[in-house]
Amino acid sequence: MSTQDRYDVIILGSGAGGGTMAYRLAQTGKRILILERGDYLPREKENWDPREVFTKGRYVTKEKWLDSEGNEFTPFTHYYVGGNTKMYGSALLRLRTSDFERVRHIDGYSPEWPLKYADFEPYYTRAEKLYHVHGQAGIDPCEPPRSSPFPHPPVPYEPRMREIADAFRGQGLRPFPCALGVRLPSDHNARRGPVVLSNFDGYPDPTHVKADAEVCCIEDALNQPNVTMLTNRKAIKLETSATGREVTGVVVEHNGQLETFRGDIVVVACGAINSAALLLRSAGEKHPRGLANSSGQVGRNYMTHNNGMCIAISHTPNPSQFQKAFAITDYYHGSTDFPYPMGAIQLMGKPDADFLESLARKHLPGVPAELMWTHTVDFFLTTEDLPRPDNRVELADDGRIRIHYRENNRAAYDKLREKLISHFEAIGCHKCHLHLNAYVGPKLGISGVSHQNGTLRFGEDPTTSVLDLDCRMHDVHNLYVTDASFFPSCGAVNPSLTIMANTLRVGDHIAEQLTGHTQNQQVTV
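Parameters at a glance
Residues numbered from 1 in each chain as written. Predicted model: local features only at pLDDT ≥ 70, side-chain atom pairs only at ≥ 80, totals over all residues. Heavy atoms only, no water. Helix = DSSP H or I, 4+ residues; strand = E, 2+ residues; numbered from the N terminus. Expected span 1.5 Å × (residues − 1). Buried < 20%, exposed > 50% of the residue type's maximum accessible area, 1.4 Å probe, protein only. Pairing = 2+ DSSP bridges. Contact = heavy atoms within 4.5 Å. Axes fitted to C-alpha atoms, helices over the stretch in contact; angles between N-to-C directions. Polar contact = N/O pair within 3.5 Å; in protein donor to acceptor, adjacent residues only side chain to side chain. Core = buried A, V, L, I, M, F, W, Y, C linked by side-chain atoms within 4.5 Å. Phe/Tyr/Trp six-rings, centres within 6.5 Å; stacked < 30°, edge-to-face > 60°. Lys NZ or Arg CZ within 6 Å of the ring centre and 35° of its normal. pLDDT = per-residue confidence, 0-100. Salt bridge = Lys/Arg side-chain N within 4 Å of Asp/Glu carboxyl O. 1 Å grid on protein atoms, 1.4 Å probe; cavity = no way out; pocket = protein on both sides within 12 Å on 5 of 7 lines; lining within 4 Å. Points joined across faces, edges and corners; volume = space filled by probe spheres on them. Nonpolar A, V, L, I, M, F, W, Y, C, P; charged D, E, K, R; others polar. Lys, Arg positive; Asp, Glu negative; His and termini not counted. Parallel < 35°, antiparallel > 145°, perpendicular 65-115°, else oblique. Left-handed = near helix turned anticlockwise from the far one by under 90°.

Trainee: Tell me what's going on with helix α10 (residues 496-515), and back it up with residues and numbers.
Mentor: Spanning 20 residues, α10 covers 28 Å between terminal C-alpha atoms, matching the ideal 28 Å at 1.5 Å per step. The buried fraction of α10 is high, at 16 of 20 residues. Backbone geometry just downstream of α10 places glycine 516 in the positive-phi region, at approximately 85°.

Given below as structure tokens:
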């Protein structure tokens, strides 16, 4: 085991949390080290090959996790510079104001946050600017208050998406352009070059138009002489002082060897599941149940949303190349016939033909997948799931990650899907000349961890939370976490923008410690 030089800050991970933190702290001039367990995602022709990306899972991790019964599964997660943002659809929506309050759901209550929307609003604004978010304020029916408009106008709809949005609007719905992080040539300071918005949602983007953490944050951070990044370093454990109150070393595995790095401050941003697992692996004499786990809450209250697809087969062909156009939140807070929150509907990228063929064999035998592909309109549904202590991350006896997860709030998801289908049928899908009247697409199972959050909730009471309001460990004074594990509840929108905004908030706090004065007004974002 080798010991490296000491740094002012060590950041574990380079995705939405780690990458954003690196960008923020690079401006302090302090010595920053980023440790990333993966490598740079290769820019290759397979980036846009549906069979390679989805059927073969070319970029998905090959490691196996376990469910509560001990069955193996492959988690849909990616270990690269930029983290999961390399593959995300870059839908960057703010949590609603109500999501920070105690909310009644059909299966119980989501808890109140110790900080409110107003505390995050300035950081949402900064994160939207940093990640080139395109959108239109004032038409989302449950949009939270904004201190400024979107930094860029919405991505234009393609004709078929415009037709569907107008038809939904005619039924009283209020579809609005989905907030998307894309670096178009019209954006200020955006990289000039070819713009391709086609194979995008779930694909890596070799053109770097997608606003991911690598191109928006890591590249800029590494332009600073005080920032270093080392790849292919998987964090194995955190070492502590004799008192257990300070992290003294970060142990990583690199090419089969262990290395130890020293830093005054350590920021963990490995993702809600891996961050919890790292703390559990770091158990020691002063922390027998896992590092910073005096509350017993490390790994608990895991959430991942009730997510799923609803693929509508329309009688009208859909030639759209980029259909990730609009979202619908009219049922976010419920309806007259279902007075509980249901969630959000978004258009998603086109599924690949192999996936549709598997659905056709199951639901529509005899229908060619290629024919289905040209007639589908594809939606992604997100409904909140509730934090449950027994939904948790643990370590199996062999050290592998084990996820205990029992779904809840399913009735709200089913009702949202029912609402979407009723609206879609009303715009003419029942006249399908394919002789089909079908809505296919699964609800994601335990492997669908893209929206992972919870596991290390923040709060003021160290007996019921792991992190304080600055996302520093209650039990360890120089250890912070800036991925989605701090969430007390998850709302029903993608967690990425909230991770980014919170990281800028926590980054201001750490920067103040490093420099001895407040830098919030001096930061360029």
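Still more to cover.
Trainee: Explain the sheet that holds strand β18 (residues 376-383) residue by residue, including any values.
Mentor: The six strands are arranged β8-β16-β17-β18-β15-β21 in an open sheet whose pairing can be described as antiparallel. If you trace the sheet from one side to the other, it starts and ends with β8 (176-177) and β21 (439-440), each paired once. Contacts from helix α4 (residues 159-170) reach β16 (326-328), β17 (344-347) and β18 within the one sheet, and its direction differs from that of β16 by about 25°.

Trainee: Outline helix α5 (residues 213-222), supporting the account with residue identities and numerical values.
Mentor: For α5, a buried count of seven out of 10 residues is recorded, marking the element as mostly surrounded by other parts of the structure. For α5, the set of buried residues is Ala213, Glu214, Val215, Cys216, Cys217, Ile218 and Ala221. Looking at where α5 begins, the residue whose side-chain oxygen comes 2.9 Å from the main-chain nitrogen of glutamate 214 is aspartate 212.

Trainee: Please set out the environment of phenylalanine 168 residue by residue, giving values where relevant.
Mentor: Relative to the helices and strands, phenylalanine 168 resides in helix α4. Here phenylalanine 168 falls in the buried class, since its relative accessible area comes to 0%. Residues phenylalanine 168 and cysteine 178, spaced 10 residues apart in sequence, show a C-alpha to C-alpha distance of 15 Å.

Trainee: Any chance you could break down the nonpolar core for me, citing the residues and the numbers?
Mentor: Core analysis: the biggest nonpolar cluster contains 109 residues, and Leu12, Tyr131, Leu238 and Leu479 have the highest contact counts within it. Element by element, the count of residues in this core is highest for α10, at nine residues. Apart from the residues lying within four places of it in its own chain, the contact partners of leucine 479 are Leu238, Val247, Val266, Val268, Leu279, Leu291, Cys471, Arg472 and Met473. If you look at the next biggest cluster of nonpolar residues, it comprises 26 residues, including Ile164, Leu173, Cys310 and Phe424.

Trainee: Explain the sheet that holds strand β20 (residues 401-404) to me, using residue names and the numbers behind them.
Mentor: As summarised here, the arrangement of the four strands in space is β4-β3-β20-β19, forming an open sheet in which the pairing is mixed. In the strand order of this sheet, the two ends are held by β4 (72-73) and β19 (392-395), each with one partner. In this structure, strand β3 (residues 65-67) lies alongside β20, joined through two bridges in parallel fashion. Note that in β20 the partner of leucine 66 across the bridge is arginine 402.

Trainee: Could you give me a rundown of the packing of aromatic side chains, with the residues and numbers involved?
Mentor: Inspection of every chain in the model, using the stated rule, returns 22 aromatic pairs. Judged by centre distance (6.2 Å) and plane angle (85°), the rings of tryptophan 65 and phenylalanine 73 are edge-to-face. Across the pair, phenylalanine 73 and tryptophan 65 agree in class, each one buried. Taken together, the aromatic side chains of Phe100, Trp113, Tyr117, Phe120, Tyr124, Phe458, Phe486 and Phe487 make up a single cluster linked through ring pairs. Cation over ring: arginine 31 sits above tyrosine 7, and NZ or CZ is 4.4 Å from the ring centre.

Trainee: Talk me through the confidence of the model for the protein chain; I want residue IDs and the actual numbers.
Mentor: The predicted coordinates of low-pLDDT regions are not to be read in fine detail. Summary statistics for the protein chain give a mean pLDDT of 92 and a share of 92% for residues scoring 70 or more. In the model, residues 430-436 has pLDDT below 50 throughout and makes 14 contacts with residues more than four positions away in sequence or in other chains.

Trainee: Explain the pairing of strand β15 (residues 306-313) to me, and be specific about the residues and the numbers.
Mentor: Across a regular strand the side chains alternate sides, sitting on one face of the sheet and then on the other. Most of β15 sits inside the fold, with eight of its eight residues counted as buried. Note: β15 against β18, eight bridges, orientation antiparallel. In the strand pairing of β18, cysteine 310 is matched with phenylalanine 379. Relative to β21, β15 runs antiparallel, the two being bridged by two bridges. Bridge pairing links isoleucine 311 to valine 440 in β21.

Trainee: How would you sum up the pattern of salt bridges? Please name residues and give values.
Mentor: On inspection of all chains with the given rule, the structure shows 34 salt bridges. For aspartate 508, the salt bridge identified is with arginine 24, shortest N-O distance 2.7 Å. Highlighted residues: aspartate 508 in helix α10 and arginine 24 in helix α1 (residues 18-26), separated in sequence by 484 residues. For aspartate 508, a relative accessible area of 7% corresponds to the buried category. With a relative accessible area of 0%, arginine 24 lands in the buried category.

Trainee: A description of empty space enclosed by the protein should follow, citing residues and the corresponding values.
Mentor: Under the definition given, this model contains one cavity of 30 Å³ or more. By volume, the largest cavity is sized at about 120 Å³. Taken together, 14 residues line the largest cavity, and the ones lying closest to its centre are Arg96, Asp140, Glu143, Arg146 and Phe150. Among the residues making up the lining of the largest cavity, the classes are represented as seven nonpolar, one polar and six charged.

Trainee: Can you break down the side chain of lysine 210 residue by residue, with the values?
Mentor: Here lysine 210 shows up in the loop between β9 (180-181) and α5. Aspartate 212 provides the closest opposite charge to the buried, unpaired lysine 210, separated from it by 6.3 Å.

Trainee: Residues and numbers for the pairing of strand β10 (residues 227-230), please.
Mentor: Burial of β10 is one-sided: the residues Val227 and Met229 facing one way are buried, the residues Thr228 and Leu230 facing the other way are not. Pairing of strand β2 (residues 32-35) with β10 involves four bridges; the strand directions are parallel. Bridge pairing in β10 links isoleucine 32 to valine 227.

Trainee: Could you give an account of the packing of α1 against α5, with specific residues and numbers?
Mentor: α5 packs onto α1 with a crossing angle of 40° between their chain directions and a minimal axis gap of 8 Å. The orientation of α1 with respect to α5, classified from their angle, is oblique. The hand of the α1/α5 crossing is left-handed. Note on element contacts: α5 touches α1 through Cys216, Cys217, Ile218, Asp220 and Ala221, opposite Gly19, Thr20, Ala22, Tyr23 and Ala26. Tallied by class, the residues present in the contact of α1 with α5 amount to seven nonpolar, two polar and one charged.

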